[in-house]
2 protein chains.
Amino acid sequence: MINIAVLGYGTVGSGVVEVINTNHKSINKRAGAEINVKYVLDLRDFPGDPVEKVLVHDYEIIANDPEVDIVVEVMGGIEPAYTFVKRALESGKSVCTSNKALVAKHGPELMEIASAKNINFLFEASCGGGIPIIRALNSSLTADEIDEITGILNGTTNYMMYKMATEGSEFDAVLKEAQQKGYAEADPTADVEGYDACRKIAILSSLAYGRFLNYEDIYTEGITKITPEDMEYAEELGMTIKLLGTSRKIGDDSFYAMVAPFLVGQTSPLYSVNDVFNAVFVHGNVLGDAMFYGSGAGKLPTASAVVADVVDEAKHLHRNIMTNWSSRPLKLMTMDEVEGRFFVRVKGTTVEQVETVFDNVQIVNLKNLPGEFGFITECMKQGTYEEKVHKLNGNVITMIRVKD
Amino acid sequence: MINIAVLGYGTVGSGVVEVINTNHKSINKRAGAEINVKYVLDLRDFPGDPVEKVLVHDYEIIANDPEVDIVVEVMGGIEPAYTFVKRALESGKSVCTSNKALVAKHGPELMEIASAKNINFLFEASCGGGIPIIRALNSSLTADEIDEITGILNGTTNYMMYKMATEGSEFDAVLKEAQQKGYAEADPTADVEGYDACRKIAILSSLAYGRFLNYEDIYTEGITKITPEDMEYAEELGMTIKLLGTSRKIGDDSFYAMVAPFLVGQTSPLYSVNDVFNAVFVHGNVLGDAMFYGSGAGKLPTASAVVADVVDEAKHLHRNIMTNWSSRPLKLMTMDEVEGRFFVRVKGTTVEQVETVFDNVQIVNLKNLPGEFGFITECMKQGTYEEKVHKLNGNVITMIRVKD
């Protein structure tokens, strides 16, 4: 029997208990032992819930019980999660977590403790909910040098972009709808400003390139400025707009990473990832293109990923299996140096003037927006784009990057 | 140092050697040891190729060398692959293979030998080329009961269906084009008749449900009867036609599996899998929908998957890791019992008559095909469909299943 303690009986925590109860037969078979929920830690009481029998309010009970093999941290936030997790690892208990903030901030330290103790710190559910992307990067894509990882990493904003693209709605209206459906929180900042996606692309990039990317170094732009008119331009171009977290390896040792809205064309598999779904696109130097698609959030999909970590830790109780992470920092190039194409909406200028400043632009006009037009530049460094665009008379209404 | 022997220096075998040479640094790091290609077995000579130094023509040399830890079987076909692989496993060498025919036919026996010897028999490259679906089913989706697995498992036929859908071409013309591009073989039977997809869905289903599905039990229908007119109907319905390998668990212990062309709607993530790409859709009882997308074939993507198996076997030299396979046979329900919706093209009958026989049909007309029409039935057992369709006067031009 393998005893686990679940820290936090919120959405994900109650999902974890539910999944273990529902699929106990196949889970135990795969884990090679019976998985027993010995404790659930929460400050609250849950009268009438079967969890009452194992509910504790004091972490000391879990920390001091040598029978607890695996600690499942699904409280969220940095504290007290960090203190609890560190203490569990130091006392030789494996930990799995769905907590992207914790992994993005303290991942390297916690991974090193786990490695030194020959136990495991796993976090499949921290990026992309139920999509098994962490394990794929660690165990499957091991023959490849990954040179790009790009994801639709936030279900709330993908739902909003999808609604704006298909229904022509305004940002505020779609946000309200998302809140009513429970897809967006009362304070939607972390989602709509890209902070959530930023932590996820930091974690994924650290695994893909085997170097630690600090999320605070990543340029992050949310979706709050995207308008129905931008979506109309996108549609006219046969594209759509998605919030992407993306990073690339350029040459031997240069990297960039950012979170921003991008115009995505129909040839990209990310184009068709709609509604609240998430997807992670990976390019390997021998594999080529691959994409992993699924539910990026939600109680049961997230719990499915957490419990898969529990099974893996049960199978490898005293054997460290996360091999592709290092504390060596990953340094990013400056945004000025990052190359790409740019979609620009301008007014008060002319196509002729744009074509004097930019070579090989693709012009796009919308009949219902006669006072302005849009263009897509050729591929250039962002610094060059900014120099050039300042030479234009008139005003830039908006600039959105193009995913190539 | 871990010594490997590569059996067969064809497309995949030369790809394996190339991938190990190209990414040797990161591969060795992940494997935790230097991977050394000690032998390549092929009947041919390769004058001038660096492989000459390690080329052998006699399997005895490999079989009798106790320094060989891992045998990579990429010859294809049943014999002599089966004899070579069995002998390697019996002498305690782990084996990985890209050979779907071998796995579909002899998988259970070879897995059991590997398990008894506490070594590994892995076959990531046998289904979906570079898509890491086998490892996902074995190691990632361990918290779920899988109840559906449906894939676009053959790149050749997906390319052909895509061309027919987008260019309105005839089957024969598209086949010729695919052959000219090297996507289809001179004898395309295994692809276009669905035999290749059949072996792959047999392997995937065996892993997904933990029971052995014999590929010979699977109803298999190819794409040779699909016409440009069928594609026009699909487009009119907002759908497309794909060759799918699919299996489902119905209730506690009933399963069906088949390979057939299906009408696929835009809400399915499989709808947008175009060109030579492959994708595997999985539904888990807690995970919900997930999909894995990538290059289903090709020298380097396939070699990427083979080498990922080599890395996994190097990390687990004397520890069996494939846990979710059993020799217990999976029994399929008869096709008469399988439920679904059916798209039917008919002539010599009327909408009124169709509506007398079938409830709640969706009728579809094409202006350029005035002598006929199509309809989609509601969900029913195939046996019921067949009884009903026989009651119609007139002729059924074609029937294509609808993916729900």
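Residues numbered from 1 in each chain as written. Chains lettered and ligands numbered in written order. Predicted model: local features only at pLDDT ≥ 70, side-chain atom pairs only at ≥ 80, totals over all residues. Heavy atoms only, no water.

The name given to chain A in an unreviewed UniProt entry is Homoserine dehydrogenase, with Blautia obeum A2-162 as the source organism. Turning to chain A, the UniProt annotation filed under Sequence similarities (unreviewed entry) states: "Belongs to the homoserine dehydrogenase family." (UniProt positions renumbered as here; feature names shortened; annotations may be inferred.)

Scanning chain A from N- to C-terminus turns up 14 helices and 17 strands. For chain A, the spread of C-alpha atoms along the three principal axes comes to 75 × 45 × 35 Å. Sequence separation of at least 24 residues holds for 73% of the intrachain contacts in chain A that already meet a minimum separation of 6. Between the averaged position of the 37 positive side-chain charges in chain A and that of its 56 negative side-chain charges there is a distance of 3 Å. (Helix = DSSP H or I, 4+ residues; strand = E, 2+ residues; numbered from the N terminus. Contact = heavy atoms within 4.5 Å. Lys, Arg positive; Asp, Glu negative; His and termini not counted. Charge placed at Lys NZ, Arg CZ, Asp CG, Glu CD.)

Looking now at empty space enclosed by the protein. Residues and elements named next belong to chain B. Following the criterion strictly, the structure yields six cavities of 30 Å³ or more and no others. In this model, the largest cavity occupies a volume close to 70 Å³. Around the largest cavity sit L122, F123, E124, I134, R135, N138, S139, D309, D312, I321 and M322, which together line it. Elements with a minimum of two residues in the lining of the largest cavity: helix 6 (133–140) and helix 12 (299–315). If you tally residues by element for the lining of the largest cavity, the top one is helix 6, at four residues. Class assignment of the residues belonging to the lining of the largest cavity gives a composition of five nonpolar, two polar and four charged. (1 Å grid on protein atoms, 1.4 Å probe; cavity = no way out; pocket = protein on both sides within 12 Å on 5 of 7 lines; lining within 4 Å. Points joined across faces, edges and corners; volume = space filled by probe spheres on them. Nonpolar A, V, L, I, M, F, W, Y, C, P; charged D, E, K, R; others polar.)

What follows deals with the packing of helix 5 (residues 100–116) of chain B against helix 10 (residues 195–209) of chain B. Residue and element names in this part refer to chain B. It is at 9 Å that the axes of helix 5 and helix 10 come closest, and there the two elements cross at 50°. Judged by the angle between their axes, helix 5 and helix 10 are oblique. The element helix 5 and its partner helix 10 pack so that their crossing is left-handed. Facing K100, A101, V103 and A104 of helix 5, the residues of helix 10 in contact are D196, R199, K200 and I203. When grouped by side-chain class, the residues that make up the contact of helix 5 with helix 10 number four nonpolar, no polar and four charged. (Axes fitted to C-alpha atoms, helices over the stretch in contact; angles between N-to-C directions. Parallel < 35°, antiparallel > 145°, perpendicular 65-115°, else oblique. Left-handed = near helix turned anticlockwise from the far one by under 90°.)

When the UniProt feature table is mapped to this numbering, "domain: Homoserine dehydrogenase catalytic" (unreviewed entry) covers residues 132–311 of chain A. Taken end to end, residues 132–311 of chain A is 40% helix and 27% strand, and its two terminal C-alpha atoms sit 14 Å from one another.

The subject of this paragraph is the layout of surface pockets. It is the rolling of a water-molecule-sized probe over the atoms that shows where space remains empty. Looking at the largest pocket, its volume works out to about 1,400 Å³. In this structure, the largest pocket is lined by 50 residues; those nearest its centre are Y271(A), S272(A), Q266(B), Y271(B) and S272(B). Breaking the lining of the largest pocket down by element, the ones donating at least two residues are helix 7 (155–167), helix 11 (228–236), strand 9 (239–250) and strand 12 (288–295) of chain A together with helix 7 (155–167), helix 11 (228–236), strand 9 (239–250) and strand 12 (288–295) of chain B. Residue composition of the lining of the largest pocket, by class: 27 nonpolar, 16 polar and seven charged.

Contacts between chain B and chain A engage 43 residues on the former and 43 residues on the latter. Between chain B and chain A lies a buried interface of about 4,000 Å² when both sides are counted; carbon and sulfur atoms form 49% of it. Ranking the residues of chain B by area buried against chain A places R30(B), T142(B) and Y293(B) at the top, with a combined share of 17%. Linking chain B to chain A there are zero salt bridges. (Buried area = accessible area lost by both parts, 1.4 Å probe. Salt bridge = Lys/Arg side-chain N within 4 Å of Asp/Glu carboxyl O.)

With that out of the way, let us pick up the packing of aromatic side chains. All names here are of chain A. Scanning the entire structure with this criterion turns up 21 aromatic pairs over all chains. Between Y159 and Y183, the ring centres sit 4.8 Å apart and the planes meet at 75°, which makes this aromatic pair edge-to-face. Pair noted here: Y159 is in helix 7 and Y183 is in the loop between helix 8 (171–180) and helix 9 (189–192), with a separation of 24 residues, a long-range link. Judged by its relative accessible area of 34%, Y183 falls in the partly exposed class. Centre to centre, the rings of F342 and Y385 are 4.5 Å apart; their planes meet at 15°, and the pair counts as stacked. Taken together, the positions of F342 in strand 13 (residues 339–347) and Y385 in helix 14 (residues 382–391) put the pair 43 residues apart, joining distant regions of the chain. (Phe/Tyr/Trp six-rings, centres within 6.5 Å; stacked < 30°, edge-to-face > 60°. Buried < 20%, exposed > 50% of the residue type's maximum accessible area, 1.4 Å probe, protein only.)

Time to look at the sheet that holds strand 2 (residues 35–41) of chain A. Residue and element names in this part refer to chain A. What the six strands build is an open sheet, ordered 3-2-1-4-5-6; its pairing is parallel. Looking at strand neighbours, the two that pair on one side only are strand 3 (55–56) and strand 6 (121–122), the edges of this open sheet. Of the strand pairs in this sheet, strand 1 (residues 2–7) and strand 2 are connected by six bridges, and their pairing is parallel. Looking at strand 2, one finds that I2 is bridged to I35. (Pairing = 2+ DSSP bridges.)

Turning our attention to the pairing of strand 4 (residues 68–73) of chain A. Residues and elements named next belong to chain A. Burial runs high along strand 4: five of the six residues are buried. With five bridges connecting them, strand 1 and strand 4 associate as parallel partners. Each bridged residue has a counterpart across the sheet, and for A5 the counterpart in strand 4 is V71. One crossover worth recording links strand 4 to the parallel strand 5 (residues 94–97) by way of helix 4 (residues 81–90), and it is right-handed. (Right-handed = clockwise from strand over helix to strand, strands pointing away.)

This brings us to the sheet that holds strand 4 (residues 68–73) of chain B. All names here are of chain B. Spatial strand order, 3-2-1-4-5-6: six strands in an open sheet with parallel pairing. The open sheet has two edge strands with one neighbour each: strand 3 (55–56) and strand 6 (121–122). Direction of pairing for strand 2 (residues 35–41) relative to strand 3: parallel, over a ladder of two bridges. Residue pairing in the sheet places V40 in a bridge with L55 of strand 3. Running over the sheet, helix 12 touches strand 1 (2–7), strand 2, strand 4, strand 5 (94–97) and strand 6 and is turned about 165° from strand 5.

This part covers the relation of the copies chain B and chain A. For the pair chain B and chain A, the superposition axis carries a translation of 0.0 Å, the fit reaches an RMSD of 0.0 Å, and the rotation angle comes to 180°. Both copies of the chain, as the preceding transformation shows, are related through a two-fold rotation axis. In terms of C-alpha distance to the rotation axis, chain B has F292(B) as its closest residue, with the C-alpha 2.4 Å off the axis. In this assembly the copies share their binding face: 100% of the residues contributing to the interface of chain B also contribute to that of chain A. (Least-squares fit on C-alpha atoms with pLDDT ≥ 70 in both.)

A separate point is the pattern of salt bridges. Should their charged atoms come close, side chains of opposite charge can pair. Residue and element names in this part refer to chain A. Evaluation of the coordinates by the stated rule reveals 42 salt bridges over all chains. One salt bridge in this structure joins E167 and K163, with 3.0 Å as the shortest N-O distance. Of this pair, E167 and K163 both sit in helix 7, four residues apart, which is roughly one turn of the helix. Residue classification places E167 among the partly exposed residues on the basis of a relative accessible area of 46%.

Okay, helix 8 of chain A next. All names here are of chain A. Among all positions in helix 8, only F171, V174, L175 and A178 are buried. The buried residues of helix 8 occupy one face: seen down the axis, they fall within an arc of 105°. With respect to the buried face of helix 8, the exposed residues turned more than 90 degrees away are D172, K176 and Q180. G182, located one to two residues past helix 8, shows a positive phi value of around 80°. (Arc of directions from axis to C-beta.)

All names here are of chain A. The domains assigned to chain A are domain 1 (2–129 + 300–315), domain 2 (142–296) and domain 3 (335–402). On a C-alpha basis, the centroid separation for the pair domain 2 and domain 3 is 23 Å. Across the boundary between the two partners, domain 2 contributes 19 residues, which contact 19 residues of domain 3. Approximately 1,600 Å² of surface area, both sides summed, lies buried where domain 2 meets domain 3, with 70% of it carried by carbon and sulfur atoms. Notably, a salt bridge pairs E221 with R401, separated by 3.2 Å at the nearest N-O pair. (Domains from an automatic or database assignment.)

Moving on: the side chain of E73(A). Residue and element names in this part refer to chain A. Looking at the element boundaries, E73 is found in strand 4. For the buried E73, which has no salt bridge, the nearest side chain bearing the opposite charge is K100, at an N-O separation of 10 Å. Within the local environment of E73, its side chain forms a polar contact with the backbone nitrogen of G76, the two atoms lying 3.1 Å apart. Not counting residues within four places of it along the chain, the set of residues in contact with E73 comprises L7, A81, V85, C96, T97, S98, N99 and L102. (Polar contact = N/O pair within 3.5 Å; in protein donor to acceptor, adjacent residues only side chain to side chain.)

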